[in-house]
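Okay, here's what each chain looks like letter by letter:
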Amino acid sequence: AYALANECDYDRHKYMELLEKYGEFLSTYALYDEQGKIEQELLNLRISVFGQNHPDVAKSYNNIGNVYAFQGDYDKALGYYEKSLNISLSVLGAEHPDVAGSYNGIGYVYSSQGNYPAALEHYTKALEIQLAVFGERHPDVAGSYNNIGNVYSSQGNYSVALEHYNKALGIQ
């Protein structure tokens, strides 16, 4: 598709928007193999347009990390989330929602691997950023409380898990 569009002197930004929407659609229906191809194409296009150090490139890395995480390939997912995090930190700063998103992805990988201390560390970093940026009553904050609750539940620490679940429910 990219080669054909390139020959037709297309509007790259509109094409990137189209790829992004298509990737979201594929994710909604758990069509991860196809989504991975689209996200990789979008990443390559974004790097060619914006260079390596751009928020949209970080977003592509994060989306590819999501694909691998949902497929259970946690090592690959972690690598992409870390690339996303490094770019986001350098171009957006430490207190940006995209940085929190990368921390959440990394936390998900560690939680899925049973590395609960690392999962809590990253989920907590995400929560701290979200509280600073959004305040206490935001859906992303609720999601982070829920993620932290899941980790505590997985560790068998149900009373602390319940505290976090209640905080999440109080927001939603």
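In case you missed it, the structure is sitting above this.
Just so you know, these numbers come straight off a predicted model, no measurement behind them. (Residues numbered from 1 in each chain as written. Predicted model: local features only at pLDDT ≥ 70, side-chain atom pairs only at ≥ 80, totals over all residues. Heavy atoms only, no water.)

A.B. asks: Explain the environment of Leu131 to me, using residue names and the numbers behind them.
C.D. replies: In this structure, Leu131 sits in helix H7 (residues 116–134). A relative accessible area of 28% places Leu131 in the partly exposed class. Along the backbone, Leu131 and Val141 are 10 residues apart, and their C-alpha atoms lie at a distance of 6.6 Å. When neighbours within four sequence positions are excluded, Leu131 is seen to be in contact with Glu136, Val141 and Tyr145. (Helix = DSSP H or I, 4+ residues; strand = E, 2+ residues; numbered from the N terminus. Buried < 20%, exposed > 50% of the residue type's maximum accessible area, 1.4 Å probe, protein only. Contact = heavy atoms within 4.5 Å.)

A.B. asks: Before we move on, can you summarise the packing of helix H5 (residues 74–92) against helix H6 (residues 97–112) with the specific residues and values?
C.D. replies: For the pair H5 and H6, the least separation of the axes is 9 Å and the interaxial angle reads 160 degrees. Classed by the angle they form, the pair H5 and H6 counts as roughly antiparallel. Here H5 runs over H6; the crossing is left-handed. Along its contact with H5, which presents Tyr74, Ala77, Leu78, Tyr81, Glu82, Ser84, Leu85, Ser88, Leu89 and Leu92, the element H6 presents Asp98, Val99, Ser102, Tyr103, Gly105, Ile106, Tyr108, Val109, Tyr110 and Ser112. (Axes fitted to C-alpha atoms, helices over the stretch in contact; angles between N-to-C directions. Parallel < 35°, antiparallel > 145°, perpendicular 65-115°, else oblique. Left-handed = near helix turned anticlockwise from the far one by under 90°.)

A.B. asks: Requested: an account of unusual backbone geometry, with residues and values cited.
C.D. replies: Not every positive phi belongs to a glycine, and Ala30 is a case in point at roughly 55 degrees. Take Ala30: it is sitting in the loop between helix H2 (12–28) and helix H3 (32–50).

A.B. asks: Run through a nonpolar patch on the surface, naming residues and quoting values.
C.D. replies: On the surface, Tyr22, Phe25, Tyr29 and Leu31 cluster together to form a nonpolar patch covering roughly 420 Å² of accessible area. The topology assignment puts Phe25 in helix H2. Under the relative-accessibility criterion, Phe25 is labelled partly exposed at 43%. (Patch = residues over 30% accessible without salt bridge, like charges linked within 9 Å, V, L, I, M, F, W, Y side chains within 5 Å. Areas by Shrake-Rupley, 256 points an atom, 1.4 Å probe, with all protein chains shown as cover. Salt bridge = Lys/Arg side-chain N within 4 Å of Asp/Glu carboxyl O.)

A.B. asks: Can you explain the packing of aromatic side chains? Please cite residues and give values.
C.D. replies: Summed over the entire model, instances satisfying the criterion amount to six aromatic pairs. Between Tyr61 and Tyr80, the ring centres sit 6.0 Å apart and the planes meet at 40 degrees, which makes this aromatic pair tilted. Of this pair, Tyr61 sits in helix H4 (residues 55–71) while Tyr80 sits in helix H5, and the two are 19 residues apart along the sequence. The burial state of Tyr61 is the same as that of Tyr80; both residues are buried. For the ring pair Tyr68 and Tyr80, a centre distance of 5.6 Å and an interplane angle of 25 degrees mean the geometry is stacked. With Tyr68 in helix H4 and Tyr80 in helix H5, the pair connects residues that are 12 residues apart, well separated along the chain. Note on accessibility: Tyr68 and Tyr80 belong to one class, buried. The structure contains a cluster of three or more aromatic residues connected by ring pairs, namely Tyr22, Phe25 and Tyr29. For the cation-ring pair, Lys83 lies above Tyr80, with the distance from its terminal atom to the ring centre recorded as 5.3 Å. (Phe/Tyr/Trp six-rings, centres within 6.5 Å; stacked < 30°, edge-to-face > 60°. Lys NZ or Arg CZ within 6 Å of the ring centre and 35° of its normal.)

Function-wise, these values are silent; they only describe arrangement.
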